[in-house]
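One letter stands for each residue in the lines below.
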Amino acid sequence: MKPLLFILLTLTTLGLMAQPEANYDETKVPKFSVPDPLTTFSGEAITDSQEWEEKRKLEIYQFFEKQIYGKVPALLDEYSFKVIEQDNQALEGKAQRKQITVGLKKNNRTLNFNILLYLPNGNEKAPVFLGYNFHGNHTVTDDPNVIIPEAWNENNADLKISSNKATEASRGVRMHRWSIDKMLDNGYGLATVYYGEIDPDKNDFSDGLHSLFYAEEQTKPKTNEWGSIAAWAYGLSRAMDYLENDTNISNVIVFGHSRLGKAALWAGATDDRFSGVISNNSGCGGAALFKRKFGETIGHINNSFPHWFSESFKKYSNKEEILPVDQHQLLALIAPRPLYVASAVEDEWADPKGEFLSTQYASKVYGLYGKKGIDLTDFPETDRPIQQTMAYHMRSGKHDVTAYDWDQYMTWAETFAK
């Protein structure tokens, strides 16, 4: 065998073939047809919300469940909640703080994760934003009483995380992403969980939530079973099991940024107990349209993060044109509940235009319920939010969560999701 051919075959076998270079040129976006959310796979037109619920919603949901995010293989055997710490005068008397351990059990295996919950003092029942954090509950606040997680943590020199362990040195390093004081001042609470306690974000299915459900000698999910995004979404629902029974909480709005924005969208689609859903810069596999092939693509994401989606999703790598759905239909699954999609103008990898177009194309499903979506035909001006039941904004700046974003989410929630 010739050496070059051998190298190419070896790289192909290992899944390491170079992906097509990312496209950031609108003139090079391929022509594509957007799958109509109101036409069934068999070609039947959907004309009202009842037909959507009875005929179309389920078939779209099942496709996403089996072919993209992956199916949860079974029910838990047991789950439990325990408030392990509480202070009714936290943050200089502004909040009640609770730290709750959630225990999950399956096949005599267990997994625990901690919810950090702040509720505003003076509110008998407060709405709460629920969202994952990337490096530990202690990173979202400088509150010295917040527990540091013991789970595997991705090393980050800037955030002072090394040896895959969080330490006291990283307390408060992500405060800028969570406007906790402003939430409390406006009558909102915050519930957050370190996502690595649910499933460590590495291509290894030997630990985390998946392993609880394995049959004997199983080492990874089956082809149509859940990847990490679906596992993270599942964890949000297990947090909701506690939050919906806390008598000091009125309703829960699920939030996520970047990969965790993808998880928030799938959680919103799978669990209608969430009263609202927020996707912040969620990009490919989140709010952005796959078929535009702009910025990150299916091929890129499956190559870089092979554990995020179901194994069945890999057949669409670099073949977006054969995918019979697109992400506007994921957004449509959340209807008629309030949904906010946010982009950042410098975040081209996440395809801001593709995120905006998804909200446009999903709006017709919201219209079936008499809810207002995005009817703007031109790309919106930067820093000019569109706040309806389905909302959107394009923010100045880069891939991040900012105080500006939270200001818009709270303003929107006051009318549509509180």
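What counts, and where the lines are drawn
- Residues numbered from 1 in each chain as written.
- Predicted model: local features only at pLDDT ≥ 70, side-chain atom pairs only at ≥ 80, totals over all residues.
- Heavy atoms only, no water.
- Helix = DSSP H or I, 4+ residues; strand = E, 2+ residues; numbered from the N terminus.
- Rg over C-alpha atoms; globule rule 2.2 N^0.38 Å.
- Buried < 20%, exposed > 50% of the residue type's maximum accessible area, 1.4 Å probe, protein only.
- Pairing = 2+ DSSP bridges.
- Right-handed = clockwise from strand over helix to strand, strands pointing away.
- Expected span 1.5 Å × (residues − 1).
- 1 Å grid on protein atoms, 1.4 Å probe; cavity = no way out; pocket = protein on both sides within 12 Å on 5 of 7 lines; lining within 4 Å.
- Points joined across faces, edges and corners; volume = space filled by probe spheres on them.
- Contact = heavy atoms within 4.5 Å.
- Bend = angle between axes of the 7 residues up to and from the residue.
- Polar contact = N/O pair within 3.5 Å; in protein donor to acceptor, adjacent residues only side chain to side chain.
- pLDDT = per-residue confidence, 0-100.
- Axes fitted to C-alpha atoms, helices over the stretch in contact; angles between N-to-C directions.

Asker: Please give an account of the overall build of the chain that cites residues and values.
Answerer: A count of helices and strands for the chain gives 10 helices and nine strands. The C-alpha radius of gyration of the chain comes to 21 Å, within 12% of the 22 Å expected for a compact globule of 418 residues. Referenced to the eigenvectors of the C-alpha coordinate spread, the extents of the chain come out at roughly 65 × 55 × 40 Å. The 418 residues of the chain split such that 56% are buried.

Asker: Now, about the pairing of strand E6 (residues 249-257): what can you tell me, with residues and values included?
Answerer: Across the nine residues of E6, eight count as buried, placing the element largely inside the fold. Pairing analysis gives five bridges linking strand E4 (residues 126-133) to E6, with the strands arranged parallel. Bridge pairing in E6 places Gly-131 opposite Phe-255. Sheet topology note: the E6/strand E7 (residues 276-280) ladder contains five bridges and is parallel. By the bridge assignment, Ile-253 is partnered in E7 with Gly-276. Read as a crossover between parallel neighbours, the route from E6 over helix H6 (residues 259-270) to E7 is right-handed.

Asker: How would you explain helix H10 (residues 403-416) if you had to name every residue and give the values?
Answerer: Counted at 1.5 Å a residue, the expected span for H10 with its 14 residues is 20 Å, and the 20 Å between its end C-alpha atoms agrees. Those residues of H10 that sit buried are Asp-405, Trp-406, Gln-408, Tyr-409, Met-410, Trp-412 and Ala-413.

Asker: Could you give an account of empty space enclosed by the protein, naming the residues involved and the relevant values?
Answerer: For the coordinates displayed, the defined rule picks out three cavities of 30 Å³ or more. Size it by volume and the largest cavity reaches roughly 90 Å³. Lining of the largest cavity is provided by 13 residues; of these, Tyr-132, Asn-133, Phe-134, Arg-177 and Trp-178 occupy positions nearest its centre. The element that contributes the greatest number of residues to the lining of the largest cavity is E6, accounting for three residues.

Asker: Lay out the environment of Glu-154 with the relevant residues and their values.
Answerer: If you trace the backbone, Glu-154 turns up in the loop between E4 and helix H4 (180-185). Taking the relative accessible area as the measure of exposure, Glu-154 reaches 40% and is therefore partly exposed. Between the alpha carbons of Glu-154 and Asn-133 there is a distance of 12 Å; along the sequence they are 21 residues apart. Not counting the four nearest positions on each side in its chain, Glu-154 is found in contact with His-135, Ile-161, Asn-164 and Tyr-194.

Asker: I'd like a rundown of helix H2 (residues 49-69), residues and numbers included.
Answerer: The first and last C-alpha atoms of H2 sit only 25 Å apart over 21 residues, clearly below the 30 Å expected at 1.5 Å per residue. The sharpest bend along H2 comes to roughly 45 degrees, located at Arg-56. Restricting attention to buried positions, one finds in H2 the residues Trp-52, Arg-56, Ile-60, Tyr-61, Phe-63, Phe-64, Glu-65, Gln-67, Ile-68 and Tyr-69. With a side-chain oxygen lying 3.2 Å from the backbone nitrogen of Gln-50, the N-terminal cap of H2 falls on Asp-48. Looking one or two residues past H2, Gly-70 carries a phi angle of roughly 100 degrees, positive in sign.

Asker: Provide a residue-level description of the confidence of the model for the chain, including the pertinent values.
Answerer: Of the residues in the chain, 96% reach a pLDDT of 70 or more, and the chain-wide mean stands at 95. Segment residues 1-16: pLDDT under 50, and eight contacts once partners within four positions in sequence are set aside and those in other chains are kept.

Asker: An account of the environment of Tyr-118 is requested, with residue identities and associated values reported.
Answerer: Looking at the secondary structure, you find Tyr-118 in strand E3 (residues 109-120). When the C-alpha positions of Tyr-118 and Asp-241 are compared, they lie 17 Å apart, and in sequence the two are 123 residues distant. With residues up to four places along the chain from it excluded, the contact list for Tyr-118 reads Ala-90, Leu-91, Ala-95, Gln-96, Arg-97, Thr-141, Asp-143, Val-146, Ile-180, Leu-184, Gly-189 and Leu-190. Side-chain polar atoms of Tyr-118 contact the side chain of Asp-143, separated by 2.7 Å.

Asker: Tell me about the environment of Ser-162, and name the residues and values.
Answerer: For Ser-162, the location among the structural elements is in the loop between E4 and H4. Taking relative accessible area as the criterion, Ser-162 reaches 46% and is therefore assigned partly exposed. Once the C-alpha coordinates of Ser-162 and Thr-219 are considered, the two residues, 57 residues apart in sequence, prove to be 27 Å apart.

Asker: Account for the sheet that holds strand E5 (residues 189-194), naming residues and giving values.
Answerer: A sheet is described by the order of its strands in space; here nine strands give the open sequence E1-E2-E3-E5-E4-E6-E7-E8-E9, paired in mixed fashion. Unpaired on one side and paired on the other, strand E1 (78-89) and strand E9 (390-395) mark the two borders of the sheet. Taking the axes of each pair of neighbouring strands and ignoring which way they run, one obtains an average angle of 20 degrees across the sheet. The pairing of E7 with strand E8 (residues 339-344) spans four bridges and is classified as parallel. Paired with Val-277 across the two strands is Leu-339, which belongs to E8. Against the sheet, H6 makes contact with E4, E6, E7 and E8, and its axis sits at roughly 135 degrees relative to E6, the strand it touches most. Together, E4, E6, E7, E8 and E9 form the strand contacts of H10, whose direction differs from that of E9 by roughly 160 degrees.

Asker: Describe in detail unusual backbone geometry, supporting the description with residues and values.
Answerer: In this chain, Ala-335 is followed by Pro-336 through a cis amide linkage whose omega measures 5 degrees. With respect to the helices and strands, Pro-336 occurs in the loop between helix H8 (327-332) and E8. A positive phi angle, close to 65 degrees, is found at Lys-160, a residue other than glycine. Relative to the helices and strands, Lys-160 is located in the loop between E4 and H4. Phi is positive for Glu-217, which is not a glycine, with a value near 70 degrees.

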